[in-house]
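Chain residues, written in single-letter form:
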Amino acid sequence: MIKRLSAQYRPLLAIVLFATGLVSCSSRSGDTEKQSLLDIARSRSEADYRSLIDSRHDQTRREVQSLLERWLVASVSENSADDGATVDELRWLCNHYRQETGIRDLAARLDFATQLVPGAAARKLELDSTYRALERAKAAWRLDTTIAALHELYREFDAIGDSFSTASLAFNLANTYYQAGVRDSAVWFGSRAVRICRHLDYYPLLGDCHYLLAKIHSELDGDYLRSEQECIDAVASYDRVGMTSRLPYAQLQRGTNLLQVGRAEHAARLFADARNGFINLDSRYGEAFAEYYIAEALIDMARPDSALMHARRSTALRRSLVERNPTLQSDVAYSINCEGLAFGQLDSVGAALASYRQANLLFDETGDTTGICQNLLRMASVLLESGQYGRADQHLDSVLTMTDRFQETMFALFGKAVCSYRLNQPEVALSYLQACISLSDNSWSRAALSDYQVGWFADKIEYYHLQAIIYLERFLAGGSAVNLDSAHAAIETSRSRALRRRLAGGGNTAPASEEQATLNRLSEKQKQYLREGGRALAAQIESLRDSLNTERIRAAGEAGAGHAGFADLIVPLSSIRAEVIDAEDVVLEYLLSNFGSYLMVTTRDSSRVVPLELDRAEIERQTLSLLTDIRSKPKSSGDLAEVRQSSSRLGQALLPASVQALVSGRRVIIVPAGRLLELPFAVLQTSNGQFLVESSELVYAPSTSILASIRTRPMVSGDGALLVGAPEIPPTRDTGEYGVDAATLAEYYDLTATAGLGLPYAASEIRRIASCFDPGLSRLLVGPEANESAVCDVDFARYRYVHFAVHGLMDRVDPWRSALLLSPEQGTRHDGLLQSEEIMNLSMPVDNVFLSACQTHAGTRHPGEGVQSLARSFLIAGSRSVVATLWNINDRSTARLGAEFYTLLAKGATKSAALAAAQRAMLASDRTLYHHPYFWAPFTLSGSPD
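Residue positions within a chain follow its written sequence, with the count starting from 1. In keeping with the model being predicted, local features are shown solely for residues with a pLDDT of at least 70 and side-chain atom pairs are shown and tallied solely at 80 or more, while totals for entire chains, interfaces and linings include all residues. No hydrogens and no water enter the side-chain calculation; it runs on all heavy atoms of the structure.

Draft legend 1. Representation of the overall build of the protein within the structure. Helix numbering and strand numbering both begin at the N terminus, where a helix is a DSSP run of H or I of at least 4 residues and a strand a DSSP run of E of at least 2. On a plain count of helices and strands, the protein comes out with 42 helices and 16 strands. C-alpha atoms define the radius of gyration, and 2.2 Å times the number of residues to the power 0.38 defines the globule rule. The C-alpha radius of gyration computed for the protein amounts to 32 Å, which stays within 12% of the reference 30 Å derived for 946 residues, consistent with globular compactness. Overall, the C-alpha framework of the protein stretches about 105 × 70 × 45 Å when taken along its three principal axes. Counting across all 946 residues of the protein, residues that qualify as buried make up 61%. In what follows, a contact means two residues having at least one pair of non-hydrogen atoms within 4.5 Å. For the protein, long-range pairs separated by at least 24 residues make up 73% of all intrachain contacts whose partners lie at least 6 apart in sequence. We get accessible surface area from the Shrake-Rupley algorithm with a probe of 1.4 Å; when it comes to residues, only the shown protein chains can shield them. When the accessible surface of the protein is summed, it comes to about 35,200 Å², and 48% of that surface belongs to carbon and sulfur atoms. In this count, Lys and Arg are taken as positive residues and Asp and Glu as negative ones, while His and the chain termini are left out. Taken as the charge centre is NZ of Lys, CZ of Arg, CG of Asp or CD of Glu, depending on the residue. Mean positive and mean negative side-chain charge positions of the protein (97 and 113 charges, respectively) differ by 2 Å. To sort residues, take the accessible area from a 1.4 Å probe on protein chains only and compare it with the maximum for the residue type: under 20% means buried, over 50% means exposed, and anything in between is partly exposed.

Below, the structure written as structure tokens:
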């Protein structure tokens, strides 16, 4: 149940100490460095000062600040030390710092200090001393006492006009409220500190404030997009003054945000970069934190062995630090807790519980409430899985009593719902689920960036599944149709939500100017890389992709979330039956959950629920087994017999006898879930020994609400077809011509092998399809003309159909990069890769796009959201439907199937009927090898069937 919690504030400790002035600002060489600065000031050597700033920007700023503080102490105490700086020397240093960097905080600090009258100066020093004493003592104080003391100091510093100390106090108050879980006060004081720092050009503290606000938004209200925006601002502030020591902390927070939205691979890369940064800084403290977060990411990636290794490394590092600083004992507990999580994924329940108990003792010793809550939640998860609902419920009650932090509260509420459900208290479970889902929906609504929306349900999909199942069980027990409507709404709420939002907003949107500029630079670098290869170019491309993500985050923040009322986008079941599906349609909507597996069957006349006999794990196991059989190119006719055997077993499980009788001879609209998203239902064998496609037409939809949105799109006014294929791609390393190197392409897209880049049957495929349409209404882009410039310049509104016969390149880690490979060009910025992110920005209001290319309906599968694929991108671009492929396809057989599909379309068949007939023609082919599903089953129709 509980995979992770990011509510840890220890990485802020070092930053807080610097920001409050509790750690000396002196460099390691101490007075020698200061003397060097004074010598430069006394000699008025601008070149030496410029060189010093260039070589150690942040250290120079801190040294000047330290000289300022020493001068103020000396002037108040009337102690003119021999090594002290004069006002003139300080002014020279501050003014030249401003001239060299454009940052005026040091000059402003000097202006303030020189304008203080003796009494006010003495008062400032007294307040500074009180502030330092408070920081040393506050760990032993009660929270209300600490807050009261900080508030009083905040008012005192504000009264004497010390904006720098006021900003520091505001930051400290924000951090104290954050640790206490008081979100509104933490945000107010953090924002107040930001405003003061911006006015003063005080970038060091400004970066720390943004970093703190990033943690507040991430952990206290689940606003991961806002947190990411604050991280970006923190990095920009640190970069402004060369504070490289802070950058790894910002990377850790950015990675944590990505973990929370299901992007574990990207997060792991950020954590590894942060670890390397800490190692370069010789920071074992930071290295230990990075190892901990790497372990958390590996848990999400289902790699518990590696996770355990990194968690143990983090534990060892932290134990060594505790020997010198016992206050870091809580950090050790977090690492041990993470070890428990890895043991749990390894099914070592005893070892997991032992780790949690050991961690709990340390958390109790240090009074770390956040750690105690995390530990209790994870212990409750183990107890729930072992059926000890009473004990689990007690732990969850304790969490809800101790904290109201966003993440802990949401996970605890769901745990309470599971306990109530297992103890046969469905009404109580629904009340907890409603509260839990409300938190989840509020957080999702702020994730205006598609990347964040898509991964949001990675560890939350079961909230909605359990709610749906409770309603389904009520309906099956004789409840009213209202229960079925409620179950359908719960399922729809969690299904393909980001895609539904995108389509409701008009689908494709032009990128902001900064984003477009980055996209252009990215295309140029990719074009160079595909020709030349090389690690340096690959690193530049990765950096540009990070910049692109930053631009999207900024644009999303400027646009605002605007996602309230998602429920309004859900089409009720009654409207689906009355307005969306036709009389011949049957909708099969699957729900695979840890709490049960169900099939909702809907026609124009009725709706019913069919419990599936197999649980989710067994359904997914059999699905994977069948997929393994049909994805491999057959070598003999005997391979087909094996496929029929496994497809028969799965067919009986997914299509019970009563359902088979209903769908025979009708059009079946399938809304799959989980691993079924990868399955072509056409290969399921029915009780009469036939494949399902032999008796039914098949269409796929991400959700019934999305089906409603697509079927109500205006009918296409254009006619004819745009046919793009047989791109000419000369191999660069063989001929030296401009083109694409196959080996480099395989490396860039992590392909296991390439059999060359030629498509010998693609040109004939294009010409056979062209013969089905009026030549005056159609356009062919073949060979060198099948390039990215030509495609992007097309007015797609002139055409009804668009057909691509090209190579498809799928990227599971970064679906934005998935692409269609077109002919390379000279003299343009285009790289020949029509990538997913570019497709979504096209305006393509056509009736159907046929992607005669490999793996165009495959991609990254996100729980609750579906598959991020090239097919999805074309739906967003405006197409009413897409024919795409689930695995690598055969060039020759695909040309035959595509020609049959368009021949039938030209005769007036619907798209679903044309595709089904084309697949049946392959089954009846005189080439017996084509009877195997490998050749005809990968083709799926998504969207509107007519």
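Draft legend 2. The arrangement of the sheet that holds strand S11 (residues 833-835) in detail. For two strands to be treated as a pair, DSSP must find at least two bridges joining them. Taken together, the 3 strands give an open sheet; going across it, the order is S9-S10-S11, and neighbouring strands pair in antiparallel fashion. The strands lining the two open edges of the sheet, one partner per strand, are strand S9 (807-809) and S11. Neighbouring strand axes in the sheet, compared pairwise and without regard to direction, differ in orientation by 25 degrees on average. The pairing of strand S10 (residues 819-821) with S11 spans 3 bridges and is antiparallel. Bridging from a neighbouring strand, Ala 819 pairs with Gln 835 of S11. Angles run from 0 to 180 degrees between N-to-C directions of axes, and those axes are lines fitted to C-alpha atoms, restricted for helices to the stretch in contact.

Draft legend 3. Representation of the pattern of salt bridges in the model. Any carboxyl oxygen of Asp or Glu that lies within 4 Å of a side-chain nitrogen of Lys or Arg is treated as forming a salt bridge with it. Taken as a whole, this structure holds 49 salt bridges when the rule is applied. As a salt-bridge pair, Asp 184 and Arg 183 come within 3.1 Å of each other at their nearest N and O atoms. Residue Arg 183 is classed as partly exposed on the basis of its relative accessible area of 30%. With a closest N to O distance of 3.2 Å, Asp 847 and Arg 880 form a salt bridge. Here Asp 847, found in the loop between helix H38 (836-839) and strand S12 (848-852), pairs with Arg 880, found in the loop between helix H39 (870-877) and strand S15 (881-885); they are 33 residues apart in sequence, far enough to count as distant. Residue Asp 847 shares its accessibility class with Arg 880, and that shared class is buried. One network of salt bridges, with partners in common, ties together Asp 582, Glu 584, Asp 585, Arg 667, Arg 711 and Asp 946.

Draft legend 4. A look at the environment of Leu 247. When you line up the elements, Leu 247 lands in helix H13 (residues 247-260). Sequence-wise, Leu 247 and Leu 361 are 114 residues apart; in three dimensions their C-alpha atoms are separated by 33 Å. Discounting residues that sit within four places of it in the chain, Leu 247 has contacts with Val 235, Tyr 238 and Asp 239.

Draft legend 5. Looking closely at helix H5 (residues 87-101). With 15 residues, H5 ought to run about 21 Å at 1.5 Å a step, and its terminal C-alpha atoms sit 21 Å apart, in line with that. What H5 keeps buried is the set Glu 89, Leu 90, Trp 92, Leu 93, Cys 94, His 96, Tyr 97 and Thr 101. The first or second residue beyond H5 is Gly 102, which carries a positive phi of 75 degrees. Expected helix span is computed as 1.5 Å times (number of residues minus one).

Draft legend 6. Molecular detail of helix H12 (residues 224-240). In this model H12 runs 24 Å from its N-terminal to its C-terminal C-alpha over 17 residues, within 8% of the 24 Å that 1.5 Å per residue would give. Among the residues trailing H12, Gly 242 stands out with phi positive, at a value near 70 degrees.

Draft legend 7. Up close: the packing of aromatic side chains. Working definition: a ring pair exists when centres of Phe, Tyr or Trp rings (six-membered ring for Trp) sit within 6.5 Å. Plane angles under 30 degrees give stacked, over 60 give edge-to-face, the rest tilted. The final tally for this structure, using the stated rule, is 29 aromatic pairs. Relative to Phe 189, the ring of Tyr 177 lies with its centre 5.9 Å away and its plane at 15 degrees, an arrangement referred to as stacked. Separated by 12 residues along the polypeptide, Tyr 177 in helix H9 (residues 163-180) and Phe 189 in helix H10 (residues 183-200) bring together distant segments of the chain. Here the two residues Tyr 177 and Phe 189 agree in accessibility, since each one is buried. Taken together, a centroid distance of 6.2 Å and an interplanar angle of 80 degrees make the contact between Tyr 801 and Tyr 902 edge-to-face. Taken together, the residues span a long stretch of sequence, with Tyr 801 in strand S8 (residues 801-805) and Tyr 902 in helix H40 (residues 891-906) at a distance of 101 residues.

Draft legend 8. Representation of the nonpolar core. In plain words, nonpolar cores are sets of buried Ala, Val, Leu, Ile, Met, Phe, Trp, Tyr and Cys residues tied together by side-chain atoms within 4.5 Å. With 168 residues, the main nonpolar core has Tyr 49 and Leu 466 as its most contacted residues. By size, the runner-up hydrophobic cluster in this structure holds 78 residues, among which are Val 659, Leu 684, Ala 805 and Val 883.

Draft legend 9. Main features of the side chain of Ser 218. Within the secondary structure layout, Ser 218 lies in helix H11 (residues 203-220). With a relative accessible area of 0%, Ser 218 lands in the buried category. Of note is the side chain of Ser 218, whose polar atom sits 3.4 Å from the side chain of Gln 253. Nitrogen and oxygen atoms within 3.5 Å of one another constitute a polar contact, given that in protein one can donate a hydrogen and the other can accept it, and given that sequence-neighbouring residues count only through two side-chain atoms.

Draft legend 10. Spatial organisation of the pairing of S15. The element S15 is largely enclosed, with a buried count of 5 among its 5 residues. Both faces of S15 are covered, namely the face carrying Ser 881, Val 883 and Thr 885 and the face carrying Val 882 and Ala 884. Judged from the 2 bridges that link them, S12 and S15 form a sheet pairing that is parallel. Among the inter-strand pairings, Phe 850 is bridged to a residue of S15, identified as Val 883. Relative to strand S16 (residues 939-943), S15 runs antiparallel, the two sharing 5 bridges.

Draft legend 11. Local environment of the state of the cysteines. By convention in this document, the label disulfide applies to cysteine sulfur atom pairs within 2.5 Å. As enumerated under the stated definition, the model contains 0 disulfides in all. The thiol of Cys 338 is unpaired, and the distance to the nearest cysteine sulfur, on Cys 373, comes to 18 Å.

Draft legend 12. Examining the packing of helix H4 (residues 57-77) against helix H6 (residues 105-115) more closely. Running from N to C, H4 and H6 point in directions that differ by 0 degrees, and their axes come no closer than 11 Å. Viewed along their axes, H4 and H6 adopt a mutual orientation that is roughly parallel. Counted together, Arg 61, Val 64, Gln 65, Leu 68 and Trp 71 of H4 and Asp 105, Leu 106, Arg 109, Leu 110, Ala 113 and Thr 114 of H6 form the full contact between these two elements. Here the term charged refers only to Asp, Glu, Lys and Arg, the term nonpolar to Ala, Val, Leu, Ile, Met, Phe, Trp, Tyr, Cys and Pro, and the term polar to all other amino acids, Gly among them. Grouping the amino acids of the contact of H4 with H6 by side-chain chemistry returns 6 nonpolar, 2 polar and 3 charged. Note on terminology: angles under 35 degrees are roughly parallel, angles over 145 are roughly antiparallel, angles of 65 to 115 are roughly perpendicular, and the others are oblique.

Draft legend 13. Local environment of unusual backbone geometry. For Ser 496, which is not glycine, the phi torsion reads 50 degrees and is therefore positive. Tracing the sequence through the fold places Ser 496 in the loop between helix H25 (481-494) and helix H26 (497-504). In this structure, Ala 726 takes a positive phi of about 50 degrees despite not being glycine. Among the secondary structure elements, Ala 726 is positioned in strand S6 (residues 721-727). Of the residues examined, Ala 726 reaches a relative accessible area of 14% and is grouped as buried.

Draft legend 14. Main features of the confidence of the model for the protein. Residue-level confidence of the predictor is summarised by pLDDT, bounded by 0 at the bottom and 100 at the top. Per-residue confidence for the protein averages 88 on the pLDDT scale, and 92% of its residues sit at or above 70. Note that pLDDT drops below 50 for residues 1-7; the model gives that stretch 45 contacts with residues more than four away or on any other chain.

Draft legend 15. Local environment of the environment of Leu 941. Note that Leu 941 resides in strand S16. Linking Leu 941 and Thr 244, residues 697 residues apart in sequence, is a C-alpha distance of 51 Å. For Leu 941, the residues in contact, after removing those within four places along its chain, are Leu 698, Val 699, Tyr 700, Asn 848, Ser 881, Val 882, Val 883, Lys 911, Ser 912 and Leu 915.

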